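# What the coordinates show
Chain by chain, the residues:
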Amino acid sequence: MAASTRPRARLQTACTIALLLLGAVLLNVLADLYPRRLDLTADGRHTLAPITRELLAEAEGPITIRAYLPQRIQPPYRQAVRALRDTLAEFEAAGDVRLEVLDPSDPGLDEAARRSMDEAAAGHGVAAVPLQLAEGDALIQREVRFGVAFLYRERQAAVAPIERAADAEYALTRGLRAVIRDETRRPVIGVLAGHGEPDLVDSPLATLLTPLGDMQRVVLDGRPIPATIDLLLIVGPRQPYGERDRYVIDQFAMRGRALVAMLDYRPPSTVFPDVLVPLETGLEPLLAAYGVEIDTERTALDRTRALPAPVARDANGRVITVNHPLFPRIRDLDPEHPVTRGLSSLATPLAAPITLAVEGRILARTGPEAATLSGVATLDVARYAAVDPKRETAGSVAVAAAVSGRPASAFVDRERPPTEAAETAEPPFTARPRGDVRLVVVTSGTRMLAAGENALVFLQNAVEWGLTDGALAGLRARAAEDPPLEDTTAATRRLVRYGLTIGPTALLLLLGGLRRWGRR
Amino acid sequence: MKALTIARREVSSYFDLPIAYVVLPAFLILSGLYVFVLQPFFLVGRTTLRPFFEFAPFIFTLFVPAITMRLFAEERRSGNLEVLLTWPVGDLSLVLGKFFGAFALLGAALLLTLPFPLAVAAIGDLDWGPVLGGYLGLMLLGGAYLAIGLLVSAATRNQIIAFIGGFALCFALYVAGKALPLVPPALAPWLEAISFDLRFAGIARGVVDLRDVVFFVSAIALGLGCTAEVLTARRWR
């Protein structure tokens, strides 16, 4: 009896397990077909932002979205593809959207279909990107169309590939806005070069800025800045600009264009990295004429909100990280301005104080216990441990500001420097801008860009605000860093550290002891 | 109902024996040490519990098999399982009872970590959404690990083998997502689909995605169903 039942029982077990497995797979397939998400975050950072919904509602007819998303893609794009797909599904649910998701890496496509898809994508402006793709058990490098095309009426705009899943909504909303509000011309970001500035055009930073516009190096050689440039980005010049350079930049601004200046006033010496060299960028008189005055002699310092910085050396000469008062963590950021909206903190190493002489916005200000110090010449952290009453002035200062308006030219009452580029006809002098000039100044440059993700978001927002109205800037900040901890005393930190390591266990043992005692 | 009676008995036995007072403190002290002492929590200075939610899935791969290893293996070794199987309780009820008992212990462990977010919220502007998501994700992930641990425990009479087998399976599913760049490309989508870590990471960001929830729930159901089948199969030996 048992002998005949056992095989049947085994078969039954196998069948049950197979059915369970099948049920689990089916359930997952169903969930995949009808995805639903619940965003628990306080600022709804994983839900469509109001600006996205507003743009979708503005459309007076269907928007076609053709997403070229290779499914057989390798990291780091894999998560980004999923995020793009999910966000697009939300676009589809929220507006009059016809969504077509295509897989250009699909091995099932025949040559003709592949070519046809490739030509269509190219026609929409979707770029071919060299990607690692899975083919069988091998990885191959192939150029594949990867991006999202938005088609609305006769307009079309393409969204370039993103690497971070968190950037999905920002990138897609930008594409959506381009077709809805007819902003399909790509702006040009001029990056000043030739005065010791870092080459941003060929740096990893370019991947953050190219979604906002094409980047172009601008070398000041006396000739006017090309008319195609919409915004001039000035980051960390090491040699001062001359009078003619100032004039060229001034006349660029007078076209109603934007300037973003991230300036260093205490760069390290090339021979002794701990020694700081005072520097004037030459832009100060120009910025002062627009109402932004910079005290280049002083440096902001904050002992209570000092950031860790790789500046000290141990006995073996190795660089070690210590909390440095000249690397203040700014928490007082303008919550309303598009450049700083949503940002919880910003590191501004070796920043100089700014004063606004016109109506504008202070974007970042040091903490209430901060100070400024004159004649800072070394990174030696020991020098800043105690207050120096002769050189130190207590008080919070601004280190970043934004101004928008129509200031007079800095050369309106001054002699205009002649051009040395004889072959170029000098355009007529403009005394008043034709449109609003947008100006963002922060007195911490290259070190700030190396000091955290929020600095990069600040830069992107500043460029975006300079080029457009910055309405999308808050979208990007939602994906940036978590808010900073409040200032705590050493005792609080010890309490948290050891209390949380031992406390829960002590609580458990206490409850266990009480339970035993109760039983007895 | 019978399952709940068994679960109550299990929970009681956890706190009568030294198990709860060894496994839980190990989990709590390691978590506290990792998040607040070994990590530069105050140096980084961010109001977040992300380090805890990155560490907990890994420590669960050790902690959960330590809970489940004895559940059936010990009963088998001591001969109690045969007695249990003669009770008027279905195999599924027995499995569910053991599961809910272990799940309650897991819940107690997570409950005892609540001082972590409370302390962080006291010294910063903590977003409770990702914290809630993280705890929900840990319950789901822990439940899936428990179901796997139970299955391995039911398949062996040796507690050590049950622990090592449970750990190996849980750890493999945990690292599946991290190993994506290293595996043959054809395997990558499959590994990504079953990666506990990637599924959990989504929920811990504060996004409860139905797909991730269904994945964990189906993994729990599959594990428990298979465990019940393993017990049923034993009746015929």
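Residues numbered from 1 in each chain as written. Chains lettered and ligands numbered in written order. Predicted model: local features only at pLDDT ≥ 70, side-chain atom pairs only at ≥ 80, totals over all residues. Heavy atoms only, no water.

Attention now moves to the overall build of chain A. Within chain A, the regular secondary structure consists of 12 helices and 23 strands. Reported as C-alpha extents along the three principal axes, the dimensions of chain A are approximately 110 × 80 × 45 Å. Buried positions account for 49% of the 520 residues belonging to chain A. In chain A, of all internal contacts separated by at least 6 residues, the share reaching a separation of at least 24 is 74%. Surface exposure of chain A reaches about 24300 Å², of which carbon and sulfur atoms provide 55%. Averaging the positions of the 62 positive and the 65 negative side-chain charges in chain A gives two centres separated by 8 Å. (Helix = DSSP H or I, 4+ residues; strand = E, 2+ residues; numbered from the N terminus. Buried < 20%, exposed > 50% of the residue type's maximum accessible area, 1.4 Å probe, protein only. Contact = heavy atoms within 4.5 Å. Areas by Shrake-Rupley, 256 points an atom, 1.4 Å probe, with all protein chains shown as cover. Lys, Arg positive; Asp, Glu negative; His and termini not counted. Charge placed at Lys NZ, Arg CZ, Asp CG, Glu CD.)

Where helix α12 (residues 490-519) of chain A meets helix α2 (residues 19-38) of chain B, the closest approach of the two axes is 8 Å, and the angle between their N-to-C directions is 165°. The angle between the axes of α12(A) and α2(B) places the two elements in the roughly antiparallel class. Classified by chirality, the crossing of α2(B) by α12(A) is right-handed. Contacts between α12(A) and α2(B) involve Val496(A), Arg497(A), Tyr498(A), Leu500(A), Thr501(A), Pro504(A), Thr505(A), Leu508(A), Leu509(A) and Gly512(A) on the former and, on the latter, Ala20(B), Tyr21(B), Leu24(B), Pro25(B), Leu28(B), Ile29(B), Gly32(B), Leu33(B), Phe36(B) and Val37(B). Broken down by class, the residue content of the contact of α12(A) with α2(B) amounts to 15 nonpolar, four polar and one charged. (Axes fitted to C-alpha atoms, helices over the stretch in contact; angles between N-to-C directions. Parallel < 35°, antiparallel > 145°, perpendicular 65-115°, else oblique. Left-handed = near helix turned anticlockwise from the far one by under 90°. Nonpolar A, V, L, I, M, F, W, Y, C, P; charged D, E, K, R; others polar.)

Per-residue confidence for chain A averages 87 on the pLDDT scale, and 95% of its residues sit at or above 70. Per-element confidence in chain A is highest for strand β10 (residues 231-235) of chain A, whose mean pLDDT is 97, and lowest for helix α11 (residues 473-477) of chain A, whose mean pLDDT is 72. (pLDDT = per-residue confidence, 0-100.)

Residue and element names in this part refer to chain B. Tallied over the full model, the rule gives 26 aromatic pairs over all chains. Each ring, one from Phe55 and one from Phe58, has its centre 6.4 Å from the other, and the planes form 55°; the classification is tilted. Remark: Phe58 and Phe55 occur in helix α4 (residues 50-77); sequence separation between them is three residues, near one turn of the helix. Note on Phe58 and Phe171: the rings are 6.2 Å apart at their centroids and 70° apart in plane angle, and the pair reads as edge-to-face. (Phe/Tyr/Trp six-rings, centres within 6.5 Å; stacked < 30°, edge-to-face > 60°.)

Contact with chain B, which involves 62 residues of that partner, is made by 65 residues of chain A. When chain B packs against chain A, close to 5500 Å² is buried across both sides, 62% of that on carbon and sulfur atoms. Asp16(B) is paired through a salt bridge with Arg515(A); the nearest N and O atoms lie 3.1 Å apart. At the junction of chain B with chain A, the criterion picks out 16 residue pairs in polar contact (both at pLDDT 80 or more). Mapped by element, the contributors of at least two residues to the side of chain B that touches chain A are α1 (2-16), α2, α3 (41-44), α7 (115-122), α8 (128-154), α10 (188-194), β1 (207-209) and α12 (210-235) of chain B. Sort the elements by how many residues they give to the side of chain B that touches chain A and α12(B) lands first, with 11 residues. Of the residues in the side of chain B that touches chain A, the class split is 39 nonpolar, 11 polar and 12 charged. (Buried area = accessible area lost by both parts, 1.4 Å probe. Salt bridge = Lys/Arg side-chain N within 4 Å of Asp/Glu carboxyl O. Polar contact = N/O pair within 3.5 Å; in protein donor to acceptor, adjacent residues only side chain to side chain.)

All names here are of chain A. Annotation of chain A at the domain level lists domain 1 (50-180) and domain 2 (188-477). Each partner contributes residues to the interface: domain 1 has eight residues there, and domain 2 has 10 residues. Roughly 930 Å² of surface becomes buried between domain 1 and domain 2 when both sides are summed, with 56% attributable to carbon and sulfur atoms. Across the domain 1-domain 2 interface, the total number found is one salt bridge. Among the ionic pairs, Glu464 bridges to Arg174, the shortest N-O distance being 3.2 Å. For the pair domain 1 and domain 2, the number of links is four residue pairs in polar contact (both at pLDDT 80 or more). Listed by contribution, the elements that provide at least two residues to the side of domain 1 that touches domain 2 are α2 (50-58) and α5 (168-180). Per-element tally for the side of domain 1 that touches domain 2: the top contributor is α5, with five residues. A breakdown of the residues in the side of domain 1 that touches domain 2 according to their chemical character gives two nonpolar, two polar and four charged. (Domains from an automatic or database assignment.)

What follows concerns the packing of α2(A) against α5(A). Residues and elements named next belong to chain A. Where α2 contacts α5, the two axes come as close as 10 Å, and the packing angle between them is 30°. As judged from the angle between their axes, α2 and α5 are roughly parallel. The chirality of how α2 crosses α5 is left-handed. Facing Thr52, Leu55, Leu56 and Glu58 of α2, the residues of α5 in contact are Glu169, Thr173, Leu176, Arg177 and Ile180. Counted by class, the contact of α2 with α5 contains four nonpolar, two polar and three charged residues.

Right, let's get into the nonpolar core. Grouped together as the largest cluster of nonpolar side chains are 78 residues, with contacts concentrated most on Ile63(A), Phe150(A), Ile189(A), Leu233(A) and Phe458(A). Aside from chain neighbours lying at most four places away, what touches Leu233(A) is Ile189(A), Gly190(A), Val191(A), Leu192(A), Leu200(A), Leu209(A), Val260(A) and Leu459(A). Ranked by size, the runner-up nonpolar core spans 75 residues in total, among them Phe63(B), Leu71(B), Val95(B) and Val208(B). (Core = buried A, V, L, I, M, F, W, Y, C linked by side-chain atoms within 4.5 Å.)

Here the focus is the pairing of strand β6 (residues 147-152) of chain A. All names here are of chain A. Of all the six residues making up β6, six are buried; the element is thus mostly covered by neighbouring parts of the structure. On β6, burial covers both faces: Gly147, Ala149 and Leu151 on one face and Val148, Phe150 and Tyr152 on the other are all buried. Of the strand pairs in this sheet, strand β2 (residues 63-68) and β6 are connected by five bridges, and their pairing is antiparallel. Bridging across to β6, Ile65 finds its partner in Phe150. Pairing between β6 and strand β7 (residues 155-159): five bridges, direction antiparallel. Looking at β7, one finds that Ala149 is bridged to Ala158. Adjacent in sequence and paired antiparallel, β6 and β7 are bridged by two residues, among which Arg153 carries a positive phi angle near 50°. (Pairing = 2+ DSSP bridges.)

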